[in-house]
Structures are given as structure tokens and as C-alpha cells.
Amino acid sequence: MTTETLASEEWWNEYRTVVNADPEMKLHGRDAFDDDFLIGIGEEHFLVEMQSGEVQDVRTPGLDDAWSFGVVGPREAWEEFVSEVPQPHHNEVFASFYRTAVKGEEGYFDLVGNHKAIFQNFRPFQRALDLMRTAHNGEEPRTEGTNRPAEATDEPIDGQYVTVDLEGVDHRIYYEAAGPEDGIPLLCQHTAGCNNQQWRHVLNDDEITEQFRVIAYDLPRHGKSVPPSGESWWTEQYDLTGERFAETIVSIADALDLEDPVFIGSSMGGTITLELGDWYPERFRALIGLEVGLFTPGFYIQWLDHPHVNANDVNSHATWGLMAPHGPEWARRETLYLYEQGANGVLKGDLHYYSADHDYSDSADDIDAEQVRMYLLNGEYDYLTNPDDAREAADAIGEGATAHEMKATGHFPMSERPELFRAYLKPVLEDIRGVRDDPLPDVLAPEDVGVEANK
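The structure presented is a predicted model; accordingly, all values stated were derived computationally and were not measured.

Right, let's talk about the sheet that holds strand β13 (residues 401-406) for a bit. Pairing within the open sheet is mixed, and its 9 strands lie in the order β6-β7-β9-β8-β10-β11-β12-β13-β14. Strands at the two margins of the open sheet, each flanked by one partner only, are β6 (158-166) and β14 (443-444). Sheet topology note: the strand β8 (residues 184-189)/strand β10 (residues 262-266) ladder contains 4 bridges and is parallel. Bridge pairing in β10 places Gln 189 opposite Gly 265. Lying over the sheet, helix α9 (residues 242-255) contacts β6, β7 (169-178), β8, β9 (212-217) and β10, oriented at roughly 120 degrees with respect to β6. The sheet contacts of helix α14 (residues 387-397) involve β12 (373-379), β13 and β14, and relative to β12 the element is tilted by about 160 degrees.

Right, dumping it as C-alpha cells:
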């Protein structure tokens, strides 16, 4: 760890050395990241001059200087940001900014200047800020990642297609399945803009598939479920609604002849458990909502599908701050990589449901969770829907709904923390099967399930 004070001249010199030697910055900032930016640490301001992805100088800005954008915040927020393992929502610039701009909370960062320029430089700007933590703690950049654990060479997963009728139009839906044909169906929904690969670790868990038939599908327009050939989909705006989303899930369950399935989903797949519990309670044995909120505003934004912005970089790297910073690097990078595979406009269209159409702020008590048991589990590093949001939702729904905090994980628990998440999930599945004697704990922590927090 450096002995220099944050933002001292010596500290900035070390920072410049770290940024200019970083292979990721060399790869993604070269010949392009030339936008100078401002850093405001309490009452102090610093101008970071960039050229081709390298820091040229860091100095106090003068009256004749210009910059494109900047990040400002109290010194305490910056001290937390550069700590080895930051507290939730202090781990990444956009995580912190969301708590300021959308939640109206104090003690976090604010973004100033030209937001379009920020999104045009999203990936290298995010990396440049993350490297402050590397410079502060004296570690090598984690660009090499960690080795993925040994995996089965002959995975017991079958991939198939099923035709699903949605409003009179046939949709070719891809899904993967593992586990006994007579097992309890566990229907897995991916997050917005992604695909069913997020669930591969659950599909490969033989303790889960001993009792459950795990089925992970791709929504239309996602993964291998291409848009329907019976529509001119390329001429229409894609904006997902709760009604269409819930109908699609139920139609997939019907097309696969699933009897009394358990549904599990994360992010938009978590929030849709509220609509499913409200509109289709009789269709499911239980609903497991990961990263749930009654209302989840702020993410239906133009920069996610804009001709002047690299949507691939923005949509994928927007996941970075939603994940726990001390999770295994290989899994976080894989989660990000899955988002690089999405088609333009799909993530934004999904977020129309998530941030514009979905709102149970005043109607959660319409849901009868005594008819369909609801388990709401939110990760502590999820800045969009943190554990308090799950508690608020469970309290608003009432009997039959319970909230559980997942420590040391974020918005994509099944893919960013696969080993830890499966350890958290198994007691829930035991409870659904009726073979668990003890009530589920309010807080699920790595030390309680025998998994190292940074593994």
C-alpha cells in the first residue's frame, strides 16, 4: 500500500505511472481517449490531461483550461472509493453517481460536464478511475484475472428450441435444461439485455439437479432466440412491458408443459416476480426474485442505444459497478463478456419495463404471497436494488414474502459469484421442497455457507 496521501503530488505521480502501464488502458484507450477530465476531491480540484489513453499531467485547473467532464464528491467518498475493498455503492463511479442522482443520497459522487462525452469514453474513463484504487493500494492491476475453477468436460446440459405463440406470432425460443425429467421444474430468467448463459453454473450443479429440472431460456431477441420471422421487427421500437414479459414467461412454461414450476430471475427477472405473483399466482409453486425493487427508476436512458455512443462498451461495462469488487475476477469478466453479445437496442428496450413500466410502489399489497410463496434476495453491492429494497418489497407484500440479504455479491449473483450464490440458493430450494426445519436467515453471508468471500 502506498504511504502517500490521496491526491498529493507524489500520489498523482504514482497514479500516472499505473495508468500509463496498464495493458487494458493501452488496449482500449489508445488513439481515442483524449478527453481531459476533472476530479473534485472535497474542496480540491485536479485536471487530468489525457492523450491516447495516457495521463500526460495532473494539475490544478486554471481559468484558461477546458475539460469535457468530471467527477466530484466529498473527500470521505474518495477515501472509501480507493480503499482495497470499498463499501457498497462506493466501489465504482456510476454506482456512486446513481445513489446521488436517482436516490438523492449524500456522501457519494456527482458527474459534471458533458454526459454524452462520458458515455462516449465510458470504458476507458471507468478504467482510469478504477486504477486509482490500484495506485492507492500498490497492487498490480487485476487485468490478468484469476483462473476459472476446473469444469466438467462433458456437461449434462441439453439445448433445444420450443415454439411459443405470443399474441398470434410464433417465436422460436431457445432453452437449456439439466436434471431429471420428473424433477421439480426450476425456470430461470436472465437479466436485461443478456441471455441464459448466466445460469450455466446452476445447470451444472449436481446437488441442485438431483431434485430439480433446471431450465434456462433466452427471451425473444436475446441470445439464440432470434426475433420472429413473422414480424418486421427491425422497423419497430422494442420497449418491453410488464404485461408482455409476464405473458412470455407463462407461455414458455405452458409450451414446455411445466407442472407447478419454481421461477427464479435476477434484475428485471427479479422484479417480474411481483407481476407474476399478482397476475399468475396459480401458475407457480414459488417465486424467487433476485435484485427486486418495488420501483426501479433511472436506467431507461438514450445513451444505451445512440449512434454517437459505442453501445457495446456502455452496455457491457455498465455491469462493472453493479458487481461486488472482491468477487473472482474471471467470473466478473465473464458476466461483462456476456453483455457484449447483446444486440443494439435490446438492453434499452428491456429497461423500459425495468425503469418505466414496472411500479408497485402503491400496489404491492395486491399480491397474495400466501397463494404463491415469494423469496426476495438482494445483493449488498447492488446499487440499483439493495437489500433494503427487498425488505421494503417483502413488507409491502405481506405474509408469504420474505427478504434475505446476500453478502459479498451484487446484481448478477448467479454469474458474478457462482459458487457463493449456489450456496445461498440451496437452502431456499430446500425450503421450497419442505425439507428444511430452520427458517431461512435474514442475512446470508459467505462465512455461514463455507465459501471464501473473495472466491
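Right, let's get into the pattern of salt bridges. Taken as a whole, this structure holds 27 salt bridges when the rule is applied. Residues Glu 329 and Arg 332 are paired through a salt bridge, measuring 3.3 Å at the closest nitrogen-oxygen approach. With Glu 329 and Arg 332 both in helix α12 (residues 329-339), this residue pair falls 3 residues apart, about one helical turn. Taken as a pair, Glu 329 and Arg 332 share a single burial class, namely buried. One network of salt bridges, in which partners are shared, links Asp 22, Glu 24, Arg 127, Glu 329, Arg 332 and Arg 333.

Time to look at the packing of helix α10 (residues 268-279) against helix α13 (residues 346-357). Following both chains from N to C, one finds α10 and α13 inclined at 45 degrees, their axes separated by 10 Å at the closest point. When the axis of α10 is compared with that of α13, the two are oblique. As for the relative orientation of α10 and α13, their crossing is left-handed in sense. Every residue of α13 that contacts α10 at Met 268, Thr 271, Ile 272 and Glu 275 is listed here: Asp 350, Tyr 353 and Tyr 354. Residue composition of the contact of α10 with α13, grouped by class: 4 nonpolar, 1 polar and 2 charged.

All right, on to the pairing of strand β3 (residues 54-59) then. Bridging between strand β2 (residues 44-51) and β3 involves 5 bridges; their strand directions are antiparallel. Counted as the bridge partner of Val 48 is Val 58 from β3. From the end of β2 to the start of β3, which pair antiparallel, there are 2 residues, and Ser 52 there has a positive phi angle of about 55 degrees.

One recurring pattern in soluble globular proteins is that nonpolar side chains are buried together. Trp 12, Tyr 15, Phe 37, Ile 39, Trp 78, Leu 129 and Met 132 are the most contacted members of the largest nonpolar core, which totals 104 residues. Considering every element that reaches this core, the biggest residue donor is helix α6 (residues 122-137), with 7 residues. Those residues in contact with Tyr 15, other than ones at most four positions away along the chain, are Phe 37, Val 55, Ala 128, Leu 129, Leu 131, Met 132 and Ala 135.

Further remarks concern α9. For α9, built from 14 residues, the straight-helix expectation of 20 Å at 1.5 Å per residue is met to within 8% by its first-to-last C-alpha distance of 20 Å. For α9, the buried fraction is high: 10 of the 14 residues fall into the buried class. Of all the residues in α9, the buried ones are Gly 242, Phe 245, Ala 246, Glu 247, Thr 248, Ile 249, Val 250, Ser 251, Ile 252 and Ala 253. A positive phi of about 55 degrees marks Asp 257, the residue just after α9.

Right, let's get into the side chain of Ser 266. Position of Ser 266 among the secondary structure elements: in strand β10. Using a relative accessible area of 0% as the deciding quantity, one classes Ser 266 as buried. Each residue touching Ser 266, except ones within four places of it in the same chain, is listed here: Gln 189, His 190, Thr 191, Leu 290, Glu 291, His 411, Pro 413 and Met 414.

With that settled, the discussion passes to the packing of α9 against α10. Viewed as axis vectors pointing N to C, α9 and α10 meet at an angle of 85 degrees, and their least axial separation amounts to 10 Å. The orientation of α9 with respect to α10, classified from their angle, is roughly perpendicular. Each of Gly 242, Glu 243, Phe 245, Ala 246, Ile 249 and Val 250 in α9 lies in contact with α10, whose residues at this interface are Met 268, Gly 269, Ile 272, Leu 276 and Trp 279. Of the residues that constitute the contact of α9 with α10, the class distribution is 8 nonpolar, 2 polar and 1 charged.

The rules behind the values
Residues numbered from 1 in each chain as written. Predicted model: local features only at pLDDT ≥ 70, side-chain atom pairs only at ≥ 80, totals over all residues. Heavy atoms only, no water. Pairing = 2+ DSSP bridges. Helix = DSSP H or I, 4+ residues; strand = E, 2+ residues; numbered from the N terminus. Contact = heavy atoms within 4.5 Å. Axes fitted to C-alpha atoms, helices over the stretch in contact; angles between N-to-C directions. Salt bridge = Lys/Arg side-chain N within 4 Å of Asp/Glu carboxyl O. Buried < 20%, exposed > 50% of the residue type's maximum accessible area, 1.4 Å probe, protein only. Parallel < 35°, antiparallel > 145°, perpendicular 65-115°, else oblique. Left-handed = near helix turned anticlockwise from the far one by under 90°. Nonpolar A, V, L, I, M, F, W, Y, C, P; charged D, E, K, R; others polar. Core = buried A, V, L, I, M, F, W, Y, C linked by side-chain atoms within 4.5 Å. Expected span 1.5 Å × (residues − 1).

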